[in-house]
Amino acid sequence: MRNVYLYILVMAAVTYLIRVLPLTLIRREIKNTFLRSFLYYVPYVTLAVMTFPAILDATGSTVSAAAGLLAAALLAWYGASLFQVACAACAVVFVIELIIL
Amino acid sequence: MKHMRMGAMEWYRRGLRDGIPIGLGYLAVSFTLGIAARSDGLTAVQATVMSLLNLTSAGQFAGLTVIAAGASYLEMAASQLIINLRYLLMSCALSQKIAPETPMWQRLALGYTITDEIFGISVGAADRLNPFYSFGAVSVAAPGWALGTCLGVILGNVLPARIVSALSVALYAMFLAVILPPARRSRVLAGVVVLSMAASLLFSRLPVLSAVSSGMKIIVLTVLIAGGAALLFPVKEEADA
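Here the structure is a predicted model, which means the values were calculated and not measured.

(A) Region of interest: the overall build of chain A. Across its full length, chain A holds four helices and zero strands. For 101 residues, the compact-globule estimate of 2.2 N^0.38 gives 13 Å, and the C-alpha radius of gyration of chain A, at 20 Å, exceeds that figure by more than 25%. Expressed as lengths along the three principal axes of its C-alpha atoms, the size of chain A is roughly 50 × 50 × 20 Å. Residues classed as buried in chain A amount to 49% of the 101 residues present. Within chain A, residue pairs in contact and separated by at least 24 positions form 47% of the contacts whose partners lie at least 6 positions apart. Total accessible area on chain A stands at roughly 4700 Å², and carbon and sulfur atoms take up 71% of it.

Right, here's the structure in full:
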């Protein structure tokens, strides 16, 4: 095995550069409407893609995950806070798994 | 001046508060990472340093595989570049969320905070992101991530499976809490969210597409769908005049 810390340093350097380059290089407000609109939509697409269907495999069973998803979606839709949505989803998953597993 | 400092403190505290569920979720997820790190021969110190410096789950799991295989440093760099490329898009988006006059040190620090989850709550926090919000969130999330990794190496899986299972859903629930309220107010956004989820489902279930890694899937779908939406429904300029 090579030097573990050197591996870790390479990982960290590459990952940090990816994270920090746009933030430090794009210092002005982008005026181009297409680019502005693209960047406006980016978070919604990214987060939606990451959430579904991955959430269904996140817990001990698809049923509890689906129940957690439903609870989170309902609460989020009606404007509950991040903390409330997160806690409610955890609680629902926990209770459902107590019953079915 | 005083007002500005107060503002930063307030944003920091709000970030701390919203970072708590992230930290708890991270604690649960990084246990698994710690267990994987131990089986790949890393010490608790090495794994904890890795978690503090990298703060990313998919990238670190992949990194462990590269280390275990004794592959070259170049391969390590390439794998991290591909798996973590989505952060580049997030960083671009954040560059437009912060004030143009944001000082360089805050930009450098903000880069460190870009994880899927902290990015998620940062874009949802306000129209104009104050970096101190993300700093607050990362000061709970990063210790949670590092501590979980460390405990995973030392103790193995001591958290009951039920607890891990319940906590794992928290991170996804938070994504929903970020994207659904704006989607409720805009039909276009609602359509974008539904289309993204449907496309993501197709990617994960169809034979050829499901071979695509999840990092690549995120990038491809983001470029396609956000690009399409930007062409069809350009966002109107508002307070810019």
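(B) Inspection of the layout of surface pockets at higher detail. Estimated volume of the largest pocket: approximately 1500 Å³. Together, 42 residues line the largest pocket, and A:Tyr40, A:Tyr44, B:Lys97, B:Ala126 and B:Asp127 are the ones closest to its centre. Those elements that place two or more of their residues in the lining of the largest pocket are helix H2 (33–51) and helix H4 (82–100) of chain A together with helix H1 (2–39), helix H5 (86–97), helix H7 (116–125), helix H9 (161–185) and helix H10 (187–205) of chain B. Per element, the largest residue contribution to the lining of the largest pocket is six residues, and it comes from H2(A). By residue class, the composition of the lining of the largest pocket is 24 nonpolar, five polar and 13 charged. If you count residues domain by domain, the lining of the largest pocket takes at least three from each of domain 1 (2–171) and domain 2 (186–241) of chain B. Computed from the structure, the second largest pocket encloses a volume of approximately 860 Å³. In terms of lining residues, the second largest pocket is bounded by 36 residues, among which A:Ala54, B:Ser57, B:Ala58, B:Asp116 and B:Tyr172 are the most central. Of the residues forming the lining of the second largest pocket, the biggest block, five residues, is contributed by H9(B). A class-by-class count of the residues in the lining of the second largest pocket yields 20 nonpolar, ten polar and six charged.

(C) Here's a closer look at the pattern of salt bridges. For the coordinates displayed, the defined rule picks out four salt bridges over all chains. A:Arg36 is paired through a salt bridge with A:Glu29; the nearest N and O atoms lie 3.7 Å apart. Residue classification places A:Glu29 among the partly exposed positions, given a relative accessible area of 25%. Residue B:Arg17 is joined to B:Asp18 by a salt bridge in which the shortest nitrogen-to-oxygen separation is 3.2 Å. We classify B:Arg17 as partly exposed; its relative accessible area is 47%. Residues participating in the shared-partner salt-bridge network are A:Glu29, A:Arg36 and B:Arg128.

(D) Representation of the confidence of the model for chain A within the structure. In this model, chain A carries an average pLDDT of 91, and 99% of its residues clear a pLDDT of 70 or more. The weakest mean pLDDT in chain A belongs to H2(A) at 89; the strongest belongs to helix H1 (residues 4–25) of chain A at 96.

(E) Region of interest: the domain arrangement of chain B. All names here are of chain B. In terms of domains, chain B is made up of domain 1 (2–171) and domain 2 (186–241). When each unit is reduced to the centre of its C-alpha atoms, the spacing between domain 1 and domain 2 is 23 Å. Each side of the interface is counted separately: domain 1 has five residues, and domain 2 has six residues. Summed over both partners, the interface of domain 1 with domain 2 buries about 440 Å², with 87% contributed by carbon and sulfur atoms.

(F) How the structure looks around the nonpolar core. Ranked by size, the top nonpolar core spans 97 residues in total, and within it B:Ile121 and B:Ile179 carry the most contacts. The element that contributes the greatest number of residues to this core is H9(B), accounting for 14 residues. A domain-level breakdown of this core finds at least three residues from each of domain 1 (2–171) and domain 2 (186–241) of chain B. Beyond its immediate chain neighbours, meaning those up to four positions away, B:Ile121 contacts A:Leu82, B:Asp18, B:Ile22, B:Tyr133, B:Ala137, B:Met174 and B:Val178.

Cut-offs applied
- Residues numbered from 1 in each chain as written.
- Chains lettered and ligands numbered in written order.
- Predicted model: local features only at pLDDT ≥ 70, side-chain atom pairs only at ≥ 80, totals over all residues.
- Heavy atoms only, no water.
- Helix = DSSP H or I, 4+ residues; strand = E, 2+ residues; numbered from the N terminus.
- Rg over C-alpha atoms; globule rule 2.2 N^0.38 Å.
- Buried < 20%, exposed > 50% of the residue type's maximum accessible area, 1.4 Å probe, protein only.
- Contact = heavy atoms within 4.5 Å.
- Areas by Shrake-Rupley, 256 points an atom, 1.4 Å probe, with all protein chains shown as cover.
- 1 Å grid on protein atoms, 1.4 Å probe; cavity = no way out; pocket = protein on both sides within 12 Å on 5 of 7 lines; lining within 4 Å.
- Points joined across faces, edges and corners; volume = space filled by probe spheres on them.
- Nonpolar A, V, L, I, M, F, W, Y, C, P; charged D, E, K, R; others polar.
- Domains from an automatic or database assignment.
- Salt bridge = Lys/Arg side-chain N within 4 Å of Asp/Glu carboxyl O.
- pLDDT = per-residue confidence, 0-100.
- Buried area = accessible area lost by both parts, 1.4 Å probe.
- Core = buried A, V, L, I, M, F, W, Y, C linked by side-chain atoms within 4.5 Å.

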